[in-house]
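The lines below spell out each chain.
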Amino acid sequence: VPPFESLHLRDVRFDYFDRQGLRQFGVHVDEFTLLRGELLFIRGGNGSGKSTFMNVLAGLYPAQSGEILLNGLPLTDVGMEAYRNLFTLLPTDFHLFTRPLGVDASERRMKKVLEMMRIDSKVRLEADGSFSTLDLSAGQRKRLALACALLEDREVYLLDEVAADFDPGFRKFFYEELLPDLKRAGCTILAISHDDRYFHVADRVLSMRDGMFVEGGHDGAPV
């Protein structure tokens, strides 16, 4: 797969149906573009479709209509596995394993990222490659999950309410230092967030309601 340059969704729809075949909820995206190096936030109330949209974008939920273009190419040309490998997705219902899976987690790299996440005094990587403990607070567990996500070295980060359990000091670090540093390193970041006090760090802020993007993003930018 060539380096990530752009993602474009056009008339993409995904719907949930009940057992009787009645539509319960869904997302419908007329137009959406994500460019390399962007830091983009999505805001919206509970049930507005933000997480569903992120799962469709990541290729976890198959679009039921419309098209998704990567660098201008349809996904049939790219291949779904290669497409999914562009993304690191950290959902709200993440699962922590006893060891970092599928990442280059040398002791040195892990130590560095645990220090960055400010949990190196709480958890470390043991000689057998497992974590010393998972008996952590909700915020610390989220930081450990984020540490593992950073080690994946993917081009696009999809972060769903990652800062929700962070204490105020680490939340400020996350938005004002970590995300901008990732952007400067060439990463692309799409984050679902309610933290409007930090929206100033984003290139764009989009709003969702009833499964659709609506006017009223923080900076008035088009979808």
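Placed above this text is the structure.
Described in the following lines is the structure provided in the data block. The model shown is predicted, which means the values in this text are computed figures rather than measured ones.

Another point: the packing of helix α4 (residues 107–116) against helix α5 (residues 138–150). Where α4 meets α5, the closest approach of the two axes is 9 Å, and the angle between their N-to-C directions is 135°. Put simply, α4 runs oblique to α5. Of the two elements, α4 crosses α5, and the hand of that crossing is right-handed. From α4, M110, V113, L114 and M116 reach across to α5, where they touch L144, A147, C148 and L150. Of the residues belonging to the contact of α4 with α5, the class tally is eight nonpolar, no polar and no charged.

Right, let's talk about unusual backbone geometry for a bit. With a phi close to 50°, N71 is a non-glycine residue in the positive phi region. Among the structural elements, N71 can be located in the loop between β4 (65–70) and β5 (73–74). The exposure class assigned to N71 is partly exposed, which follows from its relative accessible area of 23%. Its identity as a non-glycine residue notwithstanding, E161 has a phi of 50°, on the positive side. Structurally, E161 is set in the loop between β7 (156–160) and α6 (168–184). A relative accessible area of 15% places E161 in the buried class.

The rules behind these values
Residues numbered from 1 in each chain as written. Predicted model: local features only at pLDDT ≥ 70, side-chain atom pairs only at ≥ 80, totals over all residues. Heavy atoms only, no water. Axes fitted to C-alpha atoms, helices over the stretch in contact; angles between N-to-C directions. Helix = DSSP H or I, 4+ residues; strand = E, 2+ residues; numbered from the N terminus. Parallel < 35°, antiparallel > 145°, perpendicular 65-115°, else oblique. Left-handed = near helix turned anticlockwise from the far one by under 90°. Contact = heavy atoms within 4.5 Å. Nonpolar A, V, L, I, M, F, W, Y, C, P; charged D, E, K, R; others polar. Buried < 20%, exposed > 50% of the residue type's maximum accessible area, 1.4 Å probe, protein only.

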